[in-house]
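# Structure at a glance
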Amino acid sequence: MKKTFLKLFISLSFILFMSFPIGINTGLAENYQTDEQVNMKVYENVVPSVVSIDADLSDGISSGTGVVIDPKGLILTSSHVIEGSDEIKVMVNGGKEYNGKVLSVVDAGDDLALIRINPDKPLTVARLGDSSKVKVGQKVLAIGNPFGFNGTLTTGIISRIDNERNKLQTDAAINPGCSGGPILNTSGEVIGISQSIYNPDNNRSNIGIGFAVPVNSAKQFIKAAKTQQIMSK
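A brief report on the enclosed structure follows.

What counts, and at which threshold
- Sequence order as written defines the numbering, with residues in each chain counted from 1.
- For a predicted model such as this one, the threshold for reporting local features is a pLDDT of at least 70, and the threshold for listing and counting side-chain atom pairs is 80 or more; totals across whole chains, interfaces and linings nevertheless cover every residue.
- For the side-chain quantities, the full set of heavy atoms in the structure was used; hydrogens and water were omitted.
- Here the term buried applies to any residue with accessible area under 20% of the maximum for its type, exposed to any over 50%, and partly exposed to those in between, with areas from a 1.4 Å probe on protein chains only.
- Each helix is a run of DSSP H or I of at least 4 residues and each strand a run of E of at least 2, with the numbering of both proceeding from the N terminus.
- In this analysis, strands are considered paired if DSSP registers two or more bridges between them.
- One speaks of a salt bridge when a side-chain nitrogen belonging to Lys or Arg is within 4 Å of a carboxyl oxygen belonging to Asp or Glu.
- Any N or O atom pair separated by 3.5 Å or less is treated as a polar contact, with the protein-specific requirement of one donor-capable and one acceptor-capable atom, and with residues adjacent in sequence counted only for side-chain atom pairs.
- Note on definitions: a residue-residue contact is assigned when non-hydrogen atoms from the two residues lie within 4.5 Å.

### Quick word on the pairing of strand 13 (residues 210-214)
Among the 5 residues that make up strand 13, 5 are buried, leaving the element largely enclosed by the rest of the structure. Strand direction decides the pairing type here: strand 12 (residues 189-197) and strand 13, joined by 5 bridges, are antiparallel. The residue bridging S196 from the neighbouring strand is F211, located in strand 13.

Structural data, given as structure tokens:
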């Protein structure tokens, strides 16, 4: 009797175990590696603050990426994306499009610009980190709009710090359309602004050598631009 009951108990336990939807609504973590979880968390937190930019130039459309730094619509991007444009279209996360206005530009070296849109609701803002703490070998993530594929995530490391040219070098894939987008640390902080790639053979695609403007230079630019705006009022 006891043996029969034990066999019945084991059989029922096995059936219940096999029919239980493992990983679905169980409250347990999905079967992702730790680094995958970091990637997903950073992306989900930051992508709402990333925008796509299309600037109408005399010879065509210049496309790039931008980072929201103020919920009222202040956006940081690369100056070469919008330079010489009379009309700028900014698409925020979710697909809504707004007209953009250039507020301030720095061309030489840092290649940064601030543009303003007037959203109908507050935007999600990216957190700016401290690029003085960046180390060669640390993991980084890049979000951008390469070739119009909006909201693309790539990963890599800081390959080199070029203090002479004030650039962060990374092997995270940066392609046309990514300029102005964020380079992020694993805490989801912006530590650089994607600027360019090295292509000695005139191939416009990524070959593993990309450059970004350190975010501390961007913070100085933002502070100076805001001061000038206040003084001009």
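### Re the pattern of salt bridges
Pairing of side chains with opposite charge becomes possible as their charged atoms draw close. The full count for this structure, using the stated rule, is 5 salt bridges. R165 is the partner of D162 in a salt bridge, and the nearest nitrogen-oxygen pair spans 3.1 Å. Here D162 falls in the buried class, since its relative accessible area comes to 6%. When salt bridges with common partners are traced through the structure, they connect R160, D162 and R165 into a single cluster.

### As for the side chain of S78
The residue S78 is located in the loop between strand 3 (74-77) and helix 3 (79-82) in this model. A polar contact is formed between the side chain of S78 and the backbone nitrogen of G180, at a distance of 3.0 Å. At 3.3 Å, the side chain of S78 forms a polar contact with the backbone oxygen of S194. Look past the residues within four positions of S78 in its chain and what remains in contact with it is D111, L112, A113, S179, G180, I193, S194 and Q195.

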